[in-house]
Amino acid sequence: MKTIEQLLSAGDVFRLDPTACMQHSDIVRAYVSEDEKFPWSAEPLKVQLVFKVSFIAICHQFNWDFLQNALARNLLGKPESIITLLSKVNATTIAEWLSSYPKKERIRAKERARLLRDVAATLEREFDGDQGVFYDACSTTKLSNRDFHNLMDKFEGFRTDQLRKKTNILSHDLMREKIVTFPDPQNLEPAVDYHIMRLYLRTGRVIPSNQVVFRYLEGAPNPRGALVRELRKVTAEAVKLTSSYSGLSVADLNYVEWQIGRAICLNDLPLCDAIGNAHEFAPDVRKLTDSACPYRNVCLSRNQLPNFMAFEEPNFVSSDY
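If you're wondering where the values come from, they're calculated on a predicted model, not measured in any experiment.

This brings us to the packing of aromatic side chains. In the structure shown here, the tally under the stated rule is 15 aromatic pairs. When the ring of Phe55 is compared with that of Trp64, the centres are 4.7 Å apart and the planes differ by 80°; the resulting orientation is edge-to-face. Taken together, Phe127, Phe134, Phe155 and Phe158 form an aromatic cluster joined through their ring pairs. Between Arg176 and the ring centre of Tyr255, over which it is positioned, the NZ or CZ distance is 3.8 Å. Sitting over the ring of Tyr200, Arg205 keeps its end group 3.7 Å from the ring centre.

Structure below.
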């Protein structure tokens with residue numbers, strides 16, 4: 001049997017299954033995106049952009065909705081500009097904003113405060129502190145030549161991840177919420193986080209190439225970074241293939257499957273057959289099913305290989321996803 005080192009060296013740790021991608025695309029193609037209003041939707045587009053950049057810069061290993069709403073309460077509708085407020089953030093500030101979060105170890109106030117101050121400093125240094133100039137720069141960049149990615153690399157919170165998950169999810173949100181219109185939205189890249197990785201492993205669209213990999217995916221695993229990067233790369237390829245088959249944009253597919261991953265395909269007691277009143281399940285995604293996981297009839301772990309249900313996303317502490 002090959003060792004994990006040999007598999008990593010050969011770049012043969014995970015493989016995608018095109019047939020499984022097609023089966024799942026047949027189900028998800030029924031999704032229709034609905035416009036949604038948010039607390040920041042009434043702000044000028046340039047303010048919405050800075051808010052989104054700030055939020056996603058620090059959104060890792062934390063509940064998306066809790067963090068975004070906390071930042072909206074404390075950064076929007078204030079006498080001072082959002083850039084000024086960001087420049088003053090410190091660890092005490094973040095600890096206060098997130099004080100009611102139940103998982104205290106994930107607040108990481110000093111780290112998140114530093115990343116928010118970097119957003120302000122970068123806007124001052126690169127764009128003269130002018131939100132309009134920054135907005136114009138973003139709205140004229142292309143995705144195909146990575147101009148948008150290169151622009152976002154100016155911010156510490158976005159450039160550290162080799163696969164640019166945060167930049168990708170930012171581009172998705174900007175497009176879905178109509179904050180920025182990219183000239184080439186067909187070139188959006190997947191944003192692969194732990195919910196997406198878990199979902200693609202369990203549904204069989206991403207398969208370990210060898211049984212030796214199994215133990216690195218079972219029971220809250222904590223594998224080396226190289227394995228996590230390989231998993232994210234192959235998962236991104238599978239997302240793009242599923243998107244192509246389904247006719248949905250990468251942004252819409254990513255959104256739907258992130259909702260399924262975080263509200264249905266849970267680490268403990270996945271809700272395959274009865275989603276009940278999962279409070280984090282978005283209404284437009286819920287329309288894909290009446291009472292259970294929309295993928296339940298084609299999911300590999302539910303129907304053929306139940307041991308795959310033990311697969312979890314790698315427990316890999318990072319500031320990237």
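Estimated volume of the second largest pocket: approximately 200 Å³. Around the second largest pocket, the lining comprises 16 residues; the ones closest to its centre are Leu163, Asn168, Glu189, Pro190 and Ala236. Among the secondary structure elements, those contributing two or more residues to the lining of the second largest pocket are α11 (165-176) and α13 (225-246). Looking at the lining of the second largest pocket, the element that brings in the most residues is α13, giving five residues. For the lining of the second largest pocket, the per-class residue count stands at five nonpolar, three polar and eight charged.

Attention now moves to the pattern of salt bridges. If you walk through the whole model with that rule in mind, you get 19 salt bridges. The salt bridge involving Glu34 is made with Lys287; its shortest N-O contact spans 2.4 Å. Here Glu34, found in the loop between α2 (18-28) and α3 (45-57), pairs with Lys287, found in the loop between α15 (283-286) and α16 (300-303); they are 253 residues apart in sequence, far enough to count as distant. When its relative accessible area of 64% is taken as the criterion, Lys287 is described as exposed. A salt bridge links Arg108 to Glu111, with the nearest nitrogen and oxygen atoms 3.1 Å apart. Three or more residues joined by partner-sharing salt bridges are found here, namely Lys52, Asp173 and Glu177.

This part covers unusual backbone geometry. Outside of glycine, negative phi angles account for most residues, and trans bonds account for most peptide bonds. For Arg108, which is not a glycine, the phi torsion comes out positive at approximately 45°. Positionally, Arg108 belongs in the loop between α6 (91-97) and α7 (109-127). The exposure class assigned to Arg108 is partly exposed, which follows from its relative accessible area of 22%. Notably, Arg164 is not glycine yet its phi reads approximately 55°, a positive angle. By secondary structure assignment, the location of Arg164 is in the loop between α10 (156-159) and α11.

Conventions adopted
Residues numbered from 1 in each chain as written. Predicted model: local features only at pLDDT ≥ 70, side-chain atom pairs only at ≥ 80, totals over all residues. Heavy atoms only, no water. Phe/Tyr/Trp six-rings, centres within 6.5 Å; stacked < 30°, edge-to-face > 60°. Lys NZ or Arg CZ within 6 Å of the ring centre and 35° of its normal. 1 Å grid on protein atoms, 1.4 Å probe; cavity = no way out; pocket = protein on both sides within 12 Å on 5 of 7 lines; lining within 4 Å. Points joined across faces, edges and corners; volume = space filled by probe spheres on them. Helix = DSSP H or I, 4+ residues; strand = E, 2+ residues; numbered from the N terminus. Nonpolar A, V, L, I, M, F, W, Y, C, P; charged D, E, K, R; others polar. Salt bridge = Lys/Arg side-chain N within 4 Å of Asp/Glu carboxyl O. Buried < 20%, exposed > 50% of the residue type's maximum accessible area, 1.4 Å probe, protein only.

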